[in-house]
Every structure is written in structure tokens, then in C-alpha cells.
Amino acid sequence: MSGRTAPVVLPPSLRAWLGPIAALAALVVVVLGVLYGDGRKPGTVDAWVGAAVDGVGPSWRHVALAMDFLGEPAGSATLVVAAVAGCLLLRRPRAAVFAVAGTSLPVGTATLTKSLVGRTIHGDNLSYPSGHTAFLTALSLVVALLVTGRLGLGRAAGTLLVCAAGLVAGGAMGWAQVALGAHYPTDVLGGWCTALAVTPATAWLVDRAADWLVDRTADAGRWERR
């Protein structure tokens, strides 16, 4: 579908809820960045949560490594390509653009934030926020938003689906990162909140950009027919 009739990627029924959630998530990212900026040691919460997760057995370590792979370049690229292919098969080009932008911008934001905050782990490895957690959370939010629009879910059901998808995906990847010692728990929380803040905003921007492009194309067509 094309033009103004093309399905939006940010369902109108969810905008009233996702806006405040995104703003709160952005605030959490900033606050944690200020608290742990230039830090090289775990905080009190990090130590407590890390102790609870530490010491996973060999079988669970394999699960954690598999989860970690999904956030690596090869794994993440495979997931995004699969999402884009699914969107194109359903003839949803706007959704395909969102699948790329909705995952790339949160990861890019996390990477930039790492340089600004300067928190490190295991030497000089920048750790806050977790890019792996940001990616998988963002991908789950993208899929949940598209499913919500596809099924025409209402505000309550759609919000529940989006929040549950983000929580499950972010929690699973966050657990893997802490269990493997790749990130502090607060790094994971920062990555999760980065996705919650950036992905809905990206959906809104994709819709606005697509509608603007359609309007410009329609205007150009009207001028050519004159």
C-alpha cells in the first residue's frame, strides 16, 4: 500500500501511552549516566544483582552465549534482515524501513552514550549502556508495534503486548550480559531504557517522513498534470 492509506508503524492508539514511557526511559538513561559516568567499578545495585546472577552452570552459560550472539554483528544483522524480508513479503515497505531504523538508531544512541558517559568494565571497555540489550529490546518493540497495527489491537492490549515484548527480550539479553560478565546490571537497565526511549520516537519519525514524502510526490504529480 502507498500514500496516506499505507499502515502507520506507530499505532495511534498507543501514542498516548508510549510518549510518557519514552520520556521516562530517557530520563533514566540520563540519570544513570550521570551517576555512573567515568566509573570503573560496580555500584551497590550492580554488586547485589551481579552476585545473584553470578555462577551459572555450563548449560546456562551456553544459553547466555547464544543470547549474546543475537546482539553481535552477525546475529543482529540476521535478525534485522529476516524482519525486513517479512515486511517486504507482506508488502509493507514503511514497516521494512522501520525495522532497520528502529533497531539501528537505539544501537547508535547507545554507542554514542557510551563515549559520553565513559563507564568501563574489564579495563577500558566502554560499558554503559549495553548495546546488546538496546538492540534486542528495540527489535522486540519493532515487531510488537507492527503486530499491534496489523491486528488492530486496542490501547490496553497493544500497550501490554509492546511492554511485555520489551521486558522479555530486554530481560533475557540483560541476564545474558550480566551472567557472562560483559556488563553491569545498571548498564543493562540503561540499554533497555535507551530502546524504550528511541524506538517509539523512531516510529513517529518514520511515519512523519513517509507521509511528507507521499505529500510531496502527490503535489509534484498534480503540478505535472496542469
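Here we summarise the structure given alongside this text. In this text the structure is predicted, and so the values were computed from the model without any measurement.

## Overview of the pattern of salt bridges
Stage number 1. Here the structure, examined in full by the defined rule, presents six salt bridges.
Stage number 2. D211 is the salt-bridge partner of R94, the closest N and O atoms lying 3.0 Å from each other. Residue R94 is located in helix α5 (residues 93-117), and its partner D211 is located in helix α8 (residues 185-225); the two are separated by 117 residues in the primary sequence.
Stage number 3. Where salt bridges share partners, they join R94, D207, R208 and D211 into one cluster.

## Some words on the nonpolar core
One broad rule of soluble globular proteins: the nonpolar side chains tend to lie buried together.
Stage number 1. Counting 40 residues, the largest nonpolar core has V9, F98, L145, L146 and V162 as the members making the most contacts within it.
Stage number 2. The set of elements that each furnish at least two residues to this core consists of α1 (12-36), α3 (58-71), α4 (73-89), α5, α6 (131-151), α7 (155-179) and α8.
Stage number 3. Here this core gets nine residues from one element, more than from any other, and that element is α6.
Stage number 4. Setting aside anything within four residues of it in sequence, one finds L146 in contact with V9, C87, R92, A95 and F98.

## Brief notes about the packing of α5 against α6
Stage number 1. Look at α5 against α6: their axes get within 9 Å of each other, and the N-to-C directions meet at 155°. Judged by the inter-axis angle, α5 sits roughly antiparallel to α6. Classified by chirality, the crossing of α6 by α5 is right-handed. Contacts between α5 and α6 involve A95, F98, A99, G102, T103, P106, V107, A110 and K114 on the former and, on the latter, G131, A134, F135, A138, L139, V142, L145 and L146.
Stage number 2. Of the residues contributing to the contact of α5 with α6, the split by class is 13 nonpolar, three polar and one charged.

## What about empty space enclosed by the protein?
Stage number 1. Under the criterion given, the structure shown has one cavity of 30 Å³ or more.
Stage number 2. Considered as a void within the structure, the largest cavity measures approximately 70 Å³ in volume.
Stage number 3. Along the walls of the largest cavity sit L18, I21, A22, L141, L145, V162, C163, L196 and P200, which together make up its complete lining.
Stage number 4. Elements represented by at least two residues in the lining of the largest cavity include exactly α1, α6, α7 and α8.

Each value, and the rule that gives it
- Residues numbered from 1 in each chain as written.
- Predicted model: local features only at pLDDT ≥ 70, side-chain atom pairs only at ≥ 80, totals over all residues.
- Heavy atoms only, no water.
- Salt bridge = Lys/Arg side-chain N within 4 Å of Asp/Glu carboxyl O.
- Helix = DSSP H or I, 4+ residues; strand = E, 2+ residues; numbered from the N terminus.
- Core = buried A, V, L, I, M, F, W, Y, C linked by side-chain atoms within 4.5 Å.
- Buried < 20%, exposed > 50% of the residue type's maximum accessible area, 1.4 Å probe, protein only.
- Contact = heavy atoms within 4.5 Å.
- Axes fitted to C-alpha atoms, helices over the stretch in contact; angles between N-to-C directions.
- Parallel < 35°, antiparallel > 145°, perpendicular 65-115°, else oblique.
- Left-handed = near helix turned anticlockwise from the far one by under 90°.
- Nonpolar A, V, L, I, M, F, W, Y, C, P; charged D, E, K, R; others polar.
- 1 Å grid on protein atoms, 1.4 Å probe; cavity = no way out; pocket = protein on both sides within 12 Å on 5 of 7 lines; lining within 4 Å.
- Points joined across faces, edges and corners; volume = space filled by probe spheres on them.

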